[in-house]
Amino acid sequence: MKTTFISLLYGLMLGLGLSPAVAAEDHAQHGHGMAQDQRAVLALTPPERAMLLEEMRGFLSGVQVITGALGKQDMQAVAVAARGMGQKMVHDVPPVLRAKLPPEFRQLGFSVHGDFDQLAMDAESMKDVSYSLNQLSAIQQKCVACHSVYQIQPQMGINGSH
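Residues numbered from 1 in each chain as written. Predicted model: local features only at pLDDT ≥ 70, side-chain atom pairs only at ≥ 80, totals over all residues. Heavy atoms only, no water.

### Re the pattern of salt bridges
Counted under the stated rule, the structure contains four salt bridges. Two residues, Arg39 and Asp37, come together in a salt bridge whose shortest N-O distance is 2.6 Å. Using a relative accessible area of 29% as the deciding quantity, one classes Arg39 as partly exposed. Exposure remark for Asp37: the relative accessible area of 39% places this residue in the partly exposed category. (Salt bridge = Lys/Arg side-chain N within 4 Å of Asp/Glu carboxyl O. Buried < 20%, exposed > 50% of the residue type's maximum accessible area, 1.4 Å probe, protein only.)

Following this line, the structure appears as structure tokens:
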């Protein structure tokens, strides 16, 4: 029975124009193999790329401070950390860089900054750890969505150099 199934599978693959090697390679792409990155490329100069990556590391550090403060129920520290990642950060982005970023990326970024401002206000006024954790989770969902859609690559020069 097993031999018949394998023969049938092999025949079906050949009939579809697939070799076993191609099928195995395709399967590897969905497992732990080397899949191609299909995310949209944000082509930035090295300084622009560094600035954007620094902002993302700042978000990650800030989220760590917030989660630590929430664990201690220190809502004032939550508010201070969240406010540091709010709309005031938007003004630090040079207009030239902002113009290079797709409108959807900018919109998501503005939304995340606004969400951090809201988290700061709610942490101070409500002092509800669970509520703040839910807000932080919603913010992180936006981070995951953005990282799922975009990748940052060095901008190629005219001669193909970075």
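### So, the packing of helix H3 (residues 46-71) against helix H6 (residues 103-126)
At their nearest, the axes of H3 and H6 sit 13 Å apart, and the two run at 30° to each other. By the angle class used here, H3 and H6 are roughly parallel. By crossing handedness, the relation of H3 to H6 is classed as left-handed. Here Leu52, Glu55, Phe59, Val63 and Ile66 of H3 come into contact with H6, specifically with Phe105, Val112, His113, Phe116 and Leu119. Class assignment of the residues belonging to the contact of H3 with H6 gives a composition of eight nonpolar, one polar and one charged. (Axes fitted to C-alpha atoms, helices over the stretch in contact; angles between N-to-C directions. Helix = DSSP H or I, 4+ residues; strand = E, 2+ residues; numbered from the N terminus. Parallel < 35°, antiparallel > 145°, perpendicular 65-115°, else oblique. Left-handed = near helix turned anticlockwise from the far one by under 90°. Contact = heavy atoms within 4.5 Å. Nonpolar A, V, L, I, M, F, W, Y, C, P; charged D, E, K, R; others polar.)

### Some details on unusual backbone geometry
Backbone geometry places Gln73, a non-glycine residue, at a positive phi of 55°. As for its placement among the helices and strands, Gln73 is situated in the loop between H3 and helix H4 (75-83). Among the residues examined, Gln73 registers a relative accessible area of 60% and is labelled exposed.

### Digging into the packing of aromatic side chains
Counted according to the given criterion, the structure contains two aromatic pairs. Between Phe59 and Phe116, the ring centres sit 5.6 Å apart and the planes meet at 15°, which makes this aromatic pair stacked. Placement of the pair is Phe59 in helix H3 and Phe116 in helix H6, with a sequence separation of 57 residues. Ring geometry for Phe105 versus Tyr150: centroids 5.2 Å apart, planes at 90°, classification edge-to-face. Note that Phe105 is positioned in helix H6 and Tyr150 in strand S2 (residues 150-154), a separation of 45 residues in sequence. Both residues of the pair, Phe105 and Tyr150, belong to the buried class. (Phe/Tyr/Trp six-rings, centres within 6.5 Å; stacked < 30°, edge-to-face > 60°.)

### Describing the nonpolar core
Of all hydrophobic cores here, the largest spans 19 residues; its most connected members are Ile66, Val78, Phe116 and Leu119. When residues of this core are traced back to their parent elements, those giving at least two are H3, H4, H6 and helix H7 (129-149). When near neighbours in sequence (up to four residues on either side) are disregarded, Val78 contacts Ile66, Ala69, Leu70 and Ala123. With 10 residues, the next largest nonpolar core counts Leu42, Leu44, Leu52 and Leu97 among its residues. (Core = buried A, V, L, I, M, F, W, Y, C linked by side-chain atoms within 4.5 Å.)

### With respect to H6
Taking 1.5 Å of rise per residue, the 24 residues of H6 would be expected to cover 34 Å, and the 33 Å separating its terminal C-alpha atoms lies within 8% of that figure. Listed as buried for H6 are Phe105, Val112, His113, Phe116, Leu119, Ala120, Asp122 and Ala123. Of the surrounding elements, those touching the buried residues of H6 are strand S1 (40-44), H3, H4, H7 and S2. Lys127 occupies a position one or two residues after H6 and carries a positive phi of about 55°. (Expected span 1.5 Å × (residues − 1).)

### Examining the layout of surface pockets
For the largest pocket, the calculated volume is near 690 Å³. Met56, Phe59, Phe105, Cys146 and His147 are, among the 30 residues lining the largest pocket, the residues nearest its centre. Those elements giving two or more residues to the lining of the largest pocket turn out to be H3, helix H5 (95-100), H6, H7 and S2. Broken down by element, the residue count for the lining of the largest pocket peaks at nine residues, all from H3. Grouping the constituent residues of the lining of the largest pocket by class yields 19 nonpolar, five polar and six charged. (1 Å grid on protein atoms, 1.4 Å probe; cavity = no way out; pocket = protein on both sides within 12 Å on 5 of 7 lines; lining within 4 Å. Points joined across faces, edges and corners; volume = space filled by probe spheres on them.)

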